[in-house]
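# A structural walkthrough
Chain residues, written in single-letter form:
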Amino acid sequence: MTDVTETAEALRIAYSPCPNDTFVFDAWAHGRVPGAPALDVTFADIDITNGMAERGEFDVLKVSYAVLPYVLDDYALLPCGGALGRGCGPLVLTRDGDAGLTDLTGRTVAVPSERSTAYLLFRLWAAETVPGGVGEIVVMPFHEIMPAVRDGKVDAGLVIHEARFTYQDYGLRKLADMGEHWELTTGLPIPLGAIIARRSLGTDRLRTLAEAARASVRAAWDDPEASRAYVLEHAQEMDPKVADQHIGLYVNEFTADLGDDGYAAVRGLLTRAAAEGLVPPLGPDALLFP
């Protein structure tokens, strides 16, 4: 599904239809950010945009922080527009009837992607708390995970996004909170989704993009109702109250500017993951914005 501004100069951008992304990019996508380049928007779930980034597709993308070590030669991390926060991490869920299931040793776990930040946080948590090691990892679209856990197709599921607010409707219970574990062990916010742009666009244009993303965030905060139709159109069947909760959780001060804590969180996550052999190591200047 695309939302295209007709101009030869439009930048090709891909982000998810989730409320936080449509809220953040609404003003920019609809030409309400003065001086910002026009956008040719493609909507895709983040596991799809991660693949797009690895293949070098699109000018600007919303991706998992977990994919950065694979793409930073060609893309620069923008210092704004992404998703970090506190109290917003992925959850590990099991069935309510499995109250005796307290250890995932040897268990089958469904995850939304092995290239996701959620997966990195899960593997780091499991390395410390599941000494016997989890069993089979099954990758499936995130909207299929809770039904699979409910129906006994897997023992547990790693969920993200609005599933934090709806898992009890599926008769599920929270076994562990990956974000809570991360915050307790690091004191840092939870890095989830990043905005990246092609380095070949050049320093001046990259800076213009960062300014446009930041201005779009601020415009959304200044007039939340202006983005409401765009948010709800792409949130599909999501309850408007859940969409508001989603935005409130994932759009915050780190969306406007990563800041020192944001950069520390990203580097901390990827450094720990590299030490566990989950991602390639980052170079010392890999995260620097031009």
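Source: prediction; values computed, not measured.

Rules and cut-offs
Residues numbered from 1 in each chain as written. Predicted model: local features only at pLDDT ≥ 70, side-chain atom pairs only at ≥ 80, totals over all residues. Heavy atoms only, no water. Helix = DSSP H or I, 4+ residues; strand = E, 2+ residues; numbered from the N terminus. Polar contact = N/O pair within 3.5 Å; in protein donor to acceptor, adjacent residues only side chain to side chain. Contact = heavy atoms within 4.5 Å. Phe/Tyr/Trp six-rings, centres within 6.5 Å; stacked < 30°, edge-to-face > 60°. Buried < 20%, exposed > 50% of the residue type's maximum accessible area, 1.4 Å probe, protein only. Lys NZ or Arg CZ within 6 Å of the ring centre and 35° of its normal. Pairing = 2+ DSSP bridges.

Right, let's talk about the side chain of aspartate 177 for a bit. As for its placement among the helices and strands, aspartate 177 is situated in strand β11 (residues 172–177). For aspartate 177, the side chain forms a polar contact with the main-chain nitrogen of glycine 179, separated by 2.9 Å. If we ignore the near neighbours within four places in the chain, the residues touching aspartate 177 are Gly89, Pro90, Leu91 and Arg164.

Moving on, we come to the packing of aromatic side chains. Any two aromatic rings considered together are summarised by their centre-to-centre distance and by the angle between their planes. Counted by the stated rule, this structure contains five aromatic pairs. Aromatic side chains tyrosine 15 and phenylalanine 25 sit 4.6 Å apart centroid to centroid with 10 degrees between the ring planes, which places their arrangement in the stacked category. Highlighted residues: tyrosine 15 in strand β2 (residues 11–15) and phenylalanine 25 in helix α1 (residues 19–29), separated in sequence by ten residues. Exposure class is identical for tyrosine 15 and phenylalanine 25. Each is buried. Each residue in the set Tyr15, Phe25, Trp28, Phe43 and Tyr230 is aromatic and connected to the rest through ring pairs, giving one cluster. Here the basic side chain of arginine 12 rests over the ring of phenylalanine 58, its NZ or CZ set 4.0 Å away from the ring centre. In this structure, arginine 115 packs its charged tip against the face of tyrosine 70, placed 3.8 Å from the ring centre.

Moving on: the pairing of strand β4 (residues 60–64). Most of β4 is tucked away, with five of its five residues classed as buried. With two bridges connecting them, β2 and β4 associate as parallel partners. Among the inter-strand pairings, isoleucine 13 is bridged to a residue of β4, identified as valine 60. Bridging between β4 and strand β12 (residues 190–198) involves five bridges; their strand directions are antiparallel. Within β12, the position partnered with valine 63 by the bridge is alanine 194.

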